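Architecture and fold: a report
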Amino acid sequence: MATLAVTTRHDLTDAQWQRLAPLLPAVSGNGRPPKWTKRQLINGIRWRIRNGTPWRDIPAVYPPWPTVYGLFRRWQRTGVWDIVLAALQAHADAHGRICWDLSLDSMTSRAHQHAAGARRDGHLQKEPPGGVHTEPDDHALGRSRG
């Protein structure tokens, strides 16, 4: 029996890929053909998100980390992830696979003192934070007045 590498055991199955592939943006056809397939890139993104590691720690079985990160950020900025999520949720809901029960929690959490060290001029960064959605001005960490 063939064994599966630990890094690839949670990669997209063929059935999952067949459901996801039509929802992704089409390749323009201009320029050089891609070296990596979208499936390989998405598997790299999924590995990184699932493990919570830095982008640079993506294993060598996936495309290089700048390539994986580049696709992730490009699709984040253009709203592709939101479109894919909405389409997959609509499909799952139509087939009765989603239970929309809600649970609200009014818990508050305090941030660590070092969490307040972000740049005040985030728009001047090499790559500004965020994607399609931007945080409202009142969503910042502030000093505790408790």
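Residues numbered from 1 in each chain as written. Predicted model: local features only at pLDDT ≥ 70, side-chain atom pairs only at ≥ 80, totals over all residues. Heavy atoms only, no water.

1. Points about the overall build of the protein
In plain terms, the rule: Each helix corresponds to a stretch of at least 4 residues labelled H or I by DSSP, and each strand to a stretch of at least 2 residues labelled E; elements are numbered beginning at the N terminus. The buried label applies to any residue whose accessible area, calculated with a 1.4 Å probe on protein chains only, is under 20% of its type's maximum; exposed applies above 50%, and partly exposed to all values in between. What sets the accessible areas is the Shrake-Rupley method with a 1.4 Å probe; for residues, cover comes only from the shown protein chains.
Secondary structure assignment for the protein yields four helices and zero strands. Sequence-ordered secondary structure for the protein, helices as α and strands as β, is α-α-α-α. Residue burial in the protein is summarised as follows: out of 146 residues, 19% are buried. For the protein, the accessible surface area stands at approximately 12000 Å², while carbon and sulfur atoms represent 54% of it.

2. Regarding the nonpolar core
As a reminder, the rule being used: Nine residue types can take part in a nonpolar core, namely buried Ala, Val, Leu, Ile, Met, Phe, Trp, Tyr and Cys, and a core is a set of them joined through side-chain atoms within 4.5 Å. The contact criterion used is simple: two residues touch if any of their non-hydrogen atoms lie within 4.5 Å.
In this structure, Trp17, Leu20, Leu24, Ile42, Ile58, Val68 and Trp75 are the most contacted members of the largest nonpolar core, which totals 17 residues. Elements with a contribution of two residues or more to this core: α1 (14–20), α2 (38–51), α3 (65–78) and α4 (80–94). Not counting residues within four places of it along the chain, the set of residues in contact with Ile42 comprises Leu12, Trp17, Leu20, Leu24 and Trp75.

3. Remarks on the layout of surface pockets
Quick reminder of the rule: Grid spacing is 1 Å over the protein atoms alone, the probe is 1.4 Å, and a cavity is where that probe fits but cannot get out, while a pocket is an open set with protein on both sides within 12 Å along at least five of seven lines and lining residues have an atom within 4 Å of a point. Grid points are joined across faces, edges and corners, and a volume is the space filled by probe spheres set on the points. Charged means Asp, Glu, Lys or Arg here, nonpolar means Ala, Val, Leu, Ile, Met, Phe, Trp, Tyr, Cys or Pro, and polar covers whatever is left, Gly included.
As a volume, the second largest pocket reaches approximately 510 Å³. Lining the second largest pocket are 19 residues; nearest its centre among them are Val27, Arg32, Pro33, Pro34 and Arg74. Broken down by secondary-structure element, the contributors of at least two residues to the lining of the second largest pocket are α2 and α3. Ranked by residue count, the leading element in the lining of the second largest pocket is α3, at four residues. Taken together, the residues of the lining of the second largest pocket sort by class into nine nonpolar, six polar and four charged.

4. Structural notes on the pattern of salt bridges
Rules: What makes a salt bridge here is a side-chain nitrogen of Lys or Arg within 4 Å of a carboxyl oxygen of Asp or Glu, nothing more.
In the structure shown here, the tally under the stated rule is one salt bridge. When the shortest N-O distance is used, the salt bridge between Asp14 and Arg39 registers 3.0 Å. A residue pair is termed long-range when its members are at least 10 positions apart, and Asp14 in helix α1 and Arg39 in helix α2 qualify at 25 residues. Judged by relative accessible area, Asp14 falls into the exposed class, the value being 53%.

5. Digging into the environment of Tyr69
Here Tyr69 lies in helix α3. Taking relative accessible area as the criterion, Tyr69 reaches 24% and is therefore assigned partly exposed. Residue contacts for Tyr69: discarding those within four places in its chain leaves Trp55 and Glu127.

6. A few points about the environment of Ala21
Tracing the chain through its elements places Ala21 in the loop between α1 and α2. For Ala21, a relative accessible area of 31% translates into the label partly exposed. As for Ala21 and Lys38, which are separated by 17 residues in sequence, their C-alpha atoms are 8.5 Å apart.

7. Considerations on the packing of aromatic side chains
How we decide: Note on aromatic contacts: the rings of Phe and Tyr and the six-membered ring of Trp form a pair at centre separations within 6.5 Å, being stacked when their planes are under 30 degrees apart, edge-to-face when over 60 apart, and tilted otherwise.
Tallying each qualifying case throughout the model produces four aromatic pairs. Plain terms: the ring middles of Trp55 and Tyr69 are 5.2 Å apart, the flat faces sit at 65° to each other, and that makes the pair edge-to-face. Of the two residues, Trp55 is situated in the loop between α2 and α3 and Tyr69 in helix α3; the sequence distance between them amounts to 14 residues. The buried category is assigned to Trp55, whose relative accessible area is 13%. Here the aromatic rings of Trp55 and Phe72 are separated by 5.2 Å at their centres, their planes lie at 45°, and the arrangement is tilted. On the criterion of sequence distance, the pair formed by Trp55 in the loop between α2 and α3 and Phe72 in helix α3 is long-range, its members being 17 residues apart. No difference in accessibility class separates Trp55 from Phe72, as the two residues are buried. Among the aromatic residues, those joined into a cluster by ring pairs are Trp55, Tyr69, Phe72, Trp75 and Trp81.

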